[in-house]
Amino acid sequence: MMMDRWRTRILAVYFWLIICFLYGPIFIMAVLSLQGPNGGMTLPMYGVSLHWWQRLFTVRLTELRGPLFRSLAVAVETGIIVAVLGFLAGLAVRRQVKGSSLLTWGIFLALMTPGILLGLGMSLWWRFLRLEPGHLPLLGVHVIWALPFAYLILVAVLSRIDPRLEESARDLGASGFATFTEVLLPLVWPGILSAALFGFTLSLNEFERSILVTSENTLPLQLWSIVTVRVLDPDVYALGTLTVLITLAIVFVLLVPSIVAQVRRFRRD
Amino acid sequence: MCAYLRSEQQRSIERSPLAGVRGIWTLLLAIPGAWLGWFLLAPVVILLLVSWLTPTISGFVYEFTSANYSSLLTSGSFIQTLLTTIFNALLTTVITLLIGYPVAYYLAFVIPTLRLRFALFLIALAPFFTSSVVRAIAWIPMMGREGALNWILTTTGIIDQPLDILLFSNFAVRIAMVQIYLLFMISPIFFSLSTIDHSLIEAARDMGAGFTRILIEVIFPLSRQGVFVGAIFVFVLAMGDFATVRLIGGGAAASVGLAIQNFMLFMQFPLAAAAASLLVVVTVAGVVILVKYGRILEGL
């Protein structure tokens, strides 16, 4: 029994050390973004100020506005498309339509393809088709990246819905279309929303797949070109911290509650 | 009885709405299938194709050649890069497994309530959603002679002199890669540990097995699939990595992903495609081995 208690304590300390390891660099980046005006890219701090944050929202804003709006546009579209495609794929798999196992393999392949490879392939494919690089191939690879996650969420949600509900609706005289819109859709709706949110967040932060595909920078690509081309200032840390904060806010305020709500509902049923 | 129920359920799914319209379900399947075909399969096929085409100054012409592969495979520096990439990916996989397993174990077996378990898991998982560029940038102030790691180590008096090894080296890249990919190991192991029936462990304990014996003979074998799924994730991601290598490694570290990006900067498409194809071959070989030894497909 004593041994058990010690083991538990050691594991608890270990767990929090790993959490420090996972968040430590991000935390230090956030601290360094508050560097004084004369401070550099590393510790120690030369005073504490909002100098670099202010610079981010004044001097840097002009070059960031375009990438930010492009990122938001692609993320919204990715969210909607993966939710729809994931829902269709989930329905087909639920009914075990012929070919649905092939689709599952395709989605598994999408998850397993390294980002740089997909980006390179897409860039060559577009060149092969003699099309201008632009918005569509970018959207294409973002959907490929987010689709497996949306698909897993929707398959899980759909498998929990008792098909007898739909059957009773039919027995009571509802048309196929009415059963779909008035029985199935309201039940799946929160799952579709979670899938869309998942896709939105993943797309907003996507980098490896995008870099070779588009000539117009999204926000992560803009960050990349700042850190690889320029002499660095701590305003890069401010920008990095800002994207982390926004992402964590979306995850903990929107995504997690939407998934928790569904888990609750299933347990109640 | 159970089989009967399942088939009954399946039958009623088939009788559910729009059941009369046979073709519509195939159509539903075709839409996501078409997207996968156009934006995943076609690019990969073209990639493999272009790797066999003759390069020109800023593109390629449709004449088949094996020159791209022979120039890569006879170049000592590319072979070196490929081997370094494989070694780093394997090392990252093994270290994330060793570090990540106790974390997943702690979450799945030590945390008593489901709610707390879920909350802690989410805290560990959340960095997954942030951009990999940002996570690599966050390592910039940690590394280097004046970096935070050296600063912490010297201020606390653990070492006297700053470590040079933390400056633009393969070592620094490996530390950062372990941190960035650790989540992909923890999550699948956590999921597979969560499905273990606790009565099995109690049965083993009742029969007199100690902690270590239960761990080795009950828990490890039952979490095998999670371990191998995690290993596949980390291996594939680490093989394709270039952001961490570029930002943390400076000029001192190399990876095939970075080489591909450099070829693309100089418009050498066939060389980039050939390097990528070699990456595919090695990655697929690694995944096949892991799937086989992990017996991952058995449970599906």
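The shown structure was predicted, so the numbers you read here are calculated from the model rather than taken from an experiment. (Residues numbered from 1 in each chain as written. Chains lettered and ligands numbered in written order. Predicted model: local features only at pLDDT ≥ 70, side-chain atom pairs only at ≥ 80, totals over all residues.)

Re the overall build of chain B
From N to C terminus, chain B includes 14 helices and two strands. Partitioning the contacts of chain B with sequence separation of at least 6, the portion at a separation of at least 24 is 70%. (Helix = DSSP H or I, 4+ residues; strand = E, 2+ residues; numbered from the N terminus. Contact = placed C-beta atoms within 7 Å.)

Re the UniProt feature "transmembrane region" (unreviewed entry) in chain A
Residues and elements named next belong to chain A. When the UniProt feature table is mapped onto this chain, "transmembrane region" (unreviewed entry) is found at residues 12-34, 72-93, 105-126, 138-158, 179-200 and 236-260. End C-alpha to end C-alpha, residues 105-126 measures 24 Å, and it is 91% helix and 0% strand. Across residues 138-158, the secondary structure splits into 100% helix and 0% strand, with the terminal C-alpha atoms separated by 29 Å. (UniProt positions renumbered as here; feature names shortened; annotations may be inferred.)

Structural notes on the confidence of the model for chain B
Residue and element names in this part refer to chain B. The pLDDT averaged across chain B works out to 82; a share of 89% of its residues lies at or above 70. The least confident element of chain B, judged by mean pLDDT, is helix α1 (residues 2-15) at 52; the most confident is helix α4 (residues 76-110) at 91. This stretch, residues 1-5, has a pLDDT under 50; its non-local contacts, to residues over four places away or in other chains, come to zero contacts. Across the whole predicted complex the pTM is 0.84, and at the interface the ipTM reaches 0.84. (pLDDT = per-residue confidence, 0-100.)

Overview of the UniProt feature "domain: ABC transmembrane type-1" (unreviewed entry) in chain A
Using the residue numbers shown here, the UniProt feature "domain: ABC transmembrane type-1" (unreviewed entry) corresponds to residues 68-254 of chain A. Secondary structure across residues 68-254 of chain A divides into 79% helix and 0% strand, with the first and last C-alpha atoms of the span separated by 20 Å.

Points about the environment of L17(A)
Counting through the fold element by element, L17(A) comes out in helix α1 (residues 2-32). L17(A) sits 45 residues away from T62(A) along the chain, and the two C-alpha atoms are 40 Å apart.

Brief notes about the UniProt feature "transmembrane region" (unreviewed entry) in chain B
Residues and elements named next belong to chain B. Residues annotated by UniProt as "transmembrane region" (unreviewed entry) correspond here to residues 21-54, 86-111, 118-140, 171-193, 214-239 and 271-291. With 96% helix and 0% strand, residues 86-111 has its two end C-alpha atoms placed 36 Å apart. Helix makes up 61% of residues 118-140 and strand 0%, with an end-to-end C-alpha separation of 31 Å.

Focus: the pairing of strand β1 (residues 53-56) of chain B
The pairing of β1(B) with strand β2 (residues 59-64) of chain B spans four bridges and is antiparallel. Bridging from a neighbouring strand, P55(B) pairs with F60(B) of β2(B). (Pairing = 2+ DSSP bridges.)

Here's the deal with the nonpolar core
Counting 162 residues, the largest nonpolar core has L120(A) and A275(B) as the members making the most contacts within it. Ranked by the residues each element gives to this core, the list is headed by helix α8 (residues 170-194) of chain B, at 16 residues. Once residues lying within four places of it in the same chain are set aside, the contact partners of A275(B) are L72(B), V256(B), A259(B), I260(B) and F263(B). (Core = buried A, V, L, I, M, F, W, Y, C linked by C-beta atoms within 7 Å. Buried ≥ 20, exposed ≤ 12 C-beta atoms within 10 Å, placed from the backbone.)

Comments concerning the packing of helix α11 (residues 224-240) of chain B against helix α14 (residues 269-294) of chain B
A pair of packed helices is captured by two measures, namely the crossing angle of their axes and the spacing between those axes. All names here are of chain B. The contact between α11 and α14 brings their axes to 9 Å, and the two run at 175°. Judged by the angle between their axes, α11 and α14 are roughly antiparallel. For the pair formed by α11 and α14, the contact residues are R224, Q225, F228, A231, I232, F235, V236 and M239 on the first element and L279, V282, T283, G286, V287, L290 and G294 on the second. When the residues that make up the contact of α11 with α14 are grouped by side-chain class, the tally is 10 nonpolar, four polar and one charged. (Axes fitted to C-alpha atoms, helices over the stretch in contact; angles between N-to-C directions. Parallel < 35°, antiparallel > 145°, perpendicular 65-115°, else oblique. Nonpolar A, V, L, I, M, F, W, Y, C, P; charged D, E, K, R; others polar.)

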